Structure formats: structure tokens, C-alpha cells
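# Topology and contacts: notes
Letter by letter, the chains look like this.
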Amino acid sequence: MTKINIPTPLRQYAGKQPTVEVKAGTVSEALSGLVSKHPDLRRHLYTDDGKLRSFVNVYLNDEDVRYLQKEATALKDNDTISIVPSIAGGW
Amino acid sequence: MLKMELTNYEALRRHGEETYPHECCGVLLGQMDGEVRTVNSVARCGNTRTDSPHNRYDIDPRELVRIQRQGRERGEDIVGFYHSHPDHPARWSPTDLAEAHWFGCSYVITSVEKGKAAVTNSFELTGSDEADKKLVDEKIEVGHAET
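This write-up is about the structure you can find in this document. Quantities reported herein were computed from a predicted structural model and do not represent experimental measurements.

What counts as what
Residue numbers here run from 1 along each chain, matching the order of that chain's written sequence. Lettering of chains starts at A and numbering of ligands starts at 1, both following the order in which they are written. Since the coordinates come from a predicted model, pLDDT governs what is reported: local features require at least 70, and pairs of side-chain atoms require 80 or more to be given and counted, while whole-chain, interface and lining totals use all residues. Here, residues touch in the contact sense if the C-beta positions derived from the backbone fall within 7 Å of one another. Helix and strand definitions follow DSSP, with helices as H or I runs of at least four residues and strands as E runs of at least two, each counted in order from the N terminus. Note on residue classes: Ala, Val, Leu, Ile, Met, Phe, Trp, Tyr, Cys and Pro are nonpolar, Asp, Glu, Lys and Arg are charged, and everything else, Gly too, is polar. In this analysis, strands are considered paired if DSSP registers two or more bridges between them. In this scheme every C-beta is placed from the backbone, and a residue whose C-beta has 20 or more other C-beta atoms within 10 Å is buried, one with 12 or fewer is exposed, and one in between is partly exposed. Axes here refer to lines fitted to C-alpha atoms; in helices the fit is confined to the stretch in contact. Angles between the N-to-C directions go from 0 to 180 degrees.

### Considering the interface of chain A and chain B
With 20 residues of chain A in contact, the opposing surface of chain B contributes 30 residues. Of all the secondary structure elements, the ones that give two or more residues to the side of chain A that touches chain B are α2 (42–45), β3 (56–60), β5 (80–85) and β6 (87–89) of chain A. For the side of chain A that touches chain B, the per-class residue count stands at nine nonpolar, eight polar and three charged. As defined by bridge partners, β6 of chain A adjoins strand β4 (residues 57–59) of chain B across three bridges and the pair is classed as antiparallel. Residue pairing in the sheet places I87 of chain A in a bridge with I59 of chain B of β4 of chain B.

Written out as C-alpha cells, the structure reads:
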């Protein structure tokens, strides 16, 4: 099973759980499994045309999946995915 | 409302003085209980916006993943973030709003005037999605640890 860490603002759409476990072979399958379990998460993670929102970072353990094989990145047992909305700003 | 001990409040203000004239940034960890966010610890972060550090900040998500993991090990969640506005008011800017995505969390801003921390304000990111989000003024209750 793969553990997905849900950031605090999105937990209200994931049954108020800090983590969700899914069975998946790739990052893409894991995220699909997550939004299948919790459909309200979809619009917060994906644009209307099905692309991951630009400010949503997805980490596999400590690596940004954009620098791996993106959503096609293969998963091993006990991997942890973290969904991390970006933090930025300034005047 | 945002609650924190004086030591954490002073720590985030001091961070802004140390990085002046650049913006500082960091993470607030603790507990959420309805409309009240209580800060138990403050984690300093580096500002990755080296191209424009006097008026922009950006936290490396890898650093955030680490801070989030360490917080969970202590039973703490991310409840907000802080940054400084060097020689600029402690009000949120259009950039702050555009780049804010953690709904229900606090965004603390400290104005640092000529190297000294001046005003510290906090704003809660409200709304349900990117289209209707707002940064709303919230009270900061600064407490004193019991001895």
C-alpha cells in the first residue's frame, strides 16, 4: 500500500484524514485512487482539463515527481506520497 | 484566530530582522481547532527567490515535506506560514493572495522597517477554491508560557 499525506487545507475533502492509503503501481494510479475515494478532492488537485494544478507539488518520499518520471513514476511498497501546495508571495 | 507563545512570536519577527533587506519565510506548526490555530513551534525556511529576495519569497517544497514529516512526529500539523515585508507595510499584496493556496491556514506578515521588526499582522485564507479565495484579517493572541 502507498500512503498519501494530505495537507491540512485538503483534509476536509478527504474525510478529515491526515493520510489516505491506496493500492497503486504508479503515482498516477495512486492519485486516481485517492480522488476515486474522495471525489471532492478532484477540483482542488486538477484543472478542468485534467492536468495537475500548477501550484500542487507531488513528492514521492523526498523527491519531486517532476524530476522522476512524473506521474508515471513507479511505486514500491511503503512509499509515501506527499501533496504539497506551494508557498510563495511577497509585496 | 491565531494563538502563539511570545517566544514563537518574537522568533518569527527576529527572523525578518536577520534576513533584512530580504524577505524571510517559515512555517507555523501546531493544532487546528475550528477557527483557532495554535502554534506550538516555528520552522525557519530558506527563501528560494534569489532573483528578487527583497520583495518575493518562495519555500522549497522539499523543505516543506521535511518540516511536515518532523511536525507529524511531534503530533503537529502545518497551521500557517510567515514572511516579512522589508520596508513595506504588513498587509497582504496581490502577489500574496495569488500565491496563497492553504485554505484555513494563517499567513503572518511582519513589516521590517530599516532592519527593525515593526508591525505583525495575520490573515486567514478563506474561501473554498481559487476563484473565491480571500485573505481576511485575524487576531493574533500572544501568550506567555507558564513557568
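### So, the pairing of strand β6 (residues 106–113) of chain B
When a strand is regular, its side chains alternate between the sheet's two faces. Residues and elements named next belong to chain B. Judged by how many residues are buried, β6 sits mostly within the fold: seven of eight residues are covered. Sheet analysis places strand β5 (residues 77–86) next to β6, joined by seven bridges and oriented parallel. The residue of β6 that forms the bridge with F81 is Y107. Pairing of β6 with strand β7 (residues 116–126), which is carried by seven bridges, proceeds in the antiparallel orientation. By the bridge assignment, T110 is partnered in β7 with T120.

### A look at the sheet that holds strand β1 (residues 2–5) of chain A
Residue and element names in this part refer to chain A. Read from one edge of the open sheet, five strands run β2-β1-β5-β3-β4, paired in mixed fashion. Each end of this open sheet is capped by a strand with a single partner; those strands are β2 (19–22) and β4 (63–64). Bridge analysis of β3 against β5 gives five bridges, and the strand direction is antiparallel. Of the residues in β5, the one forming a bridge with V56 is P85. The sheet contacts of helix α1 (residues 27–37) involve β1, β2, β3 and β5, and relative to β2 the element is tilted by about 115°.

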